[in-house]
Amino acid sequence: MIKKILSTLLVSSALFLFATTGSIAERPTFAIGYTATYGGYEANGTETEGAVAGHRETARKNEAGEIGYSSLFMEVSFADRVTIGASWMADAVETNQSSRTDTIPAGTQLNSGGTSNAGTSTVKAEFENLVTGYIELNIWNGLYAKYGYMEMDVNTKENLHTDTQYPNATMDGETWGMGWKGTFDNGVFIKTETLMQNWSDLTLQGSGATDTDNNTVVDVSLRGAVAQISVGKAF
């Protein structure tokens, strides 16, 4: 609910400002800068093996961790009231490696090809090319509300005991929160922000050349909270 109210407020204010730009004497202010981000994330994953109902195996796992990354941004501000900008992640980050061991109980009959799905698998993910488009509404004395739309690439890095492989994918999400901006006389400014991130669910369909791929499907949900500090220069 808070996210919907905030996004509606920001968009409405931006449209109002654009409609009255012709009567505003101040020219737009352009800025570029650098952002350092650090936050905590929670991921929930479900892996489903098997193509036949009643013979499917489901495994669930929740992971939490902390990740830091940097980004570059450029933005334009109108009448010190509304700021529209975009940022690009400058590096890539990887999750911790997760492993799972599958065993075949004694006396279990193998499939017709004589192959077994017993063994240890490891998997991790790399996140890169995070792009965020955002809008900020100045509320009072440097305090502002922020809403943005995000998109990033997810590269899967698995080493499975079966021949299953997962494709790389793209995730999108939303971010919202509050920030404060302080500006010096020479145009240099500092921004600090606390933001929530909510990513759309991701589904990966595994593929393999033999029957050991088991028609595996992985569903992942991701959300987090981050703190950011930015240094920029306005022109």
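Values in this document were obtained by computation on a predicted structure and should not be read as measured data.

Draft legend 1. Here's a closer look at the confidence of the model for the protein chain. In the predicted model, the protein chain carries a mean pLDDT of 78, and the fraction of residues at 70 or more is 66%. Confidence scores differ between elements of the protein chain, with helix H1 (residues 2-19) showing the lowest mean pLDDT of 54 and strand E9 (residues 188-199) the highest of 96.

Draft legend 2. Structural context of the side chain of Asn 155. With respect to the secondary-structure elements, Asn 155 resides in strand E7 (residues 143-159). By relative accessible area, which is 13% here, Asn 155 ends up buried. Engagement of the side chain of Asn 155 in a polar contact is seen with the side chain of Glu 128, the distance being 2.9 Å.

Draft legend 3. Local environment of the packing of aromatic side chains. Tallying each qualifying case throughout the model produces one aromatic pair. Both rings, one in Phe 73 and one in Phe 189, keep their centres 6.3 Å apart while their planes meet at 50°; by these two values the pair is tilted. With a gap of 116 residues between them, Phe 73 in strand E2 (residues 57-78) and Phe 189 in strand E9 connect regions that are remote in the sequence. The exposure class of Phe 73 is buried, given its relative accessible area of 5%. Stacked on the ring of Phe 73, the Lys or Arg Lys 191 has its end atom at 5.4 Å from the ring centre. For the cation-ring pair, Lys 233 lies above Phe 235, with the distance from its terminal atom to the ring centre recorded as 6.0 Å.

Draft legend 4. Spotlight on unusual backbone geometry. Of note in this structure, Ala 79 is not a glycine but carries a positive phi near 55°. Along the chain, the position of Ala 79 falls in the loop between E2 and strand E3 (82-89). Classification of Ala 79 as partly exposed rests on a relative accessible area of 29%. Although it is not a glycine, Asn 141 adopts a positive phi angle of roughly 55°.

Draft legend 5. Main features of the pattern of salt bridges. With the rule as written, the count across this model stands at five salt bridges. A salt bridge links Glu 75 to Lys 191, with the shortest nitrogen-to-oxygen separation between them at 3.1 Å. Linking Glu 75 in strand E2 with Lys 191 in strand E9, this pair joins segments that are 116 residues apart in sequence. Where Glu 193 meets Lys 146, a salt bridge forms, and the shortest distance between an N and an O atom there is 3.1 Å. Linking Glu 193 in strand E9 with Lys 146 in strand E7, this pair joins segments that are 47 residues apart in sequence.

Draft legend 6. Here's a closer look at the environment of Lys 233. With respect to the element layout, Lys 233 can be found in strand E11 (residues 217-234). For Lys 233, a relative accessible area of 30% puts it in the partly exposed group. Setting aside chain neighbours within four positions, we find Lys 233 in contact with Phe 30, Ala 31, Ile 32, Asn 186, Gly 187, Val 188 and Phe 189. At a separation of 2.2 Å, a polar atom in the side chain of Lys 233 contacts the main-chain carbonyl oxygen of Asn 186.

Draft legend 7. Focus on the nonpolar core. In this structure, Tyr 41, Tyr 69, Leu 130, Met 152, Met 171 and Trp 199 are the most contacted members of the largest nonpolar core, which totals 21 residues. Those elements that provide at least two residues to this core are E2, strand E6 (119-140), E7, strand E8 (169-183), E9, strand E10 (202-205) and E11. Ignoring anything within four residues of it in the chain, the contact list for Met 152 reads Phe 127, Glu 128, Asn 129, Leu 130, Ala 169, Thr 170, Met 171, Trp 199 and Leu 222. Ile 135, Leu 137, Tyr 147 and Trp 176 belong to the second-largest nonpolar core, a separate cluster that totals five residues.

Draft legend 8. Molecular detail of the environment of Val 82. For Val 82, the location among the structural elements is in strand E3. A relative accessible area of 2% places Val 82 in the buried class. Separated by 62 residues in the primary sequence, Val 82 and Tyr 144 have C-alpha atoms spaced 9.2 Å apart.

The rules behind the values
Residues numbered from 1 in each chain as written. Predicted model: local features only at pLDDT ≥ 70, side-chain atom pairs only at ≥ 80, totals over all residues. Heavy atoms only, no water. pLDDT = per-residue confidence, 0-100. Helix = DSSP H or I, 4+ residues; strand = E, 2+ residues; numbered from the N terminus. Buried < 20%, exposed > 50% of the residue type's maximum accessible area, 1.4 Å probe, protein only. Polar contact = N/O pair within 3.5 Å; in protein donor to acceptor, adjacent residues only side chain to side chain. Phe/Tyr/Trp six-rings, centres within 6.5 Å; stacked < 30°, edge-to-face > 60°. Lys NZ or Arg CZ within 6 Å of the ring centre and 35° of its normal. Salt bridge = Lys/Arg side-chain N within 4 Å of Asp/Glu carboxyl O. Contact = heavy atoms within 4.5 Å. Core = buried A, V, L, I, M, F, W, Y, C linked by side-chain atoms within 4.5 Å.

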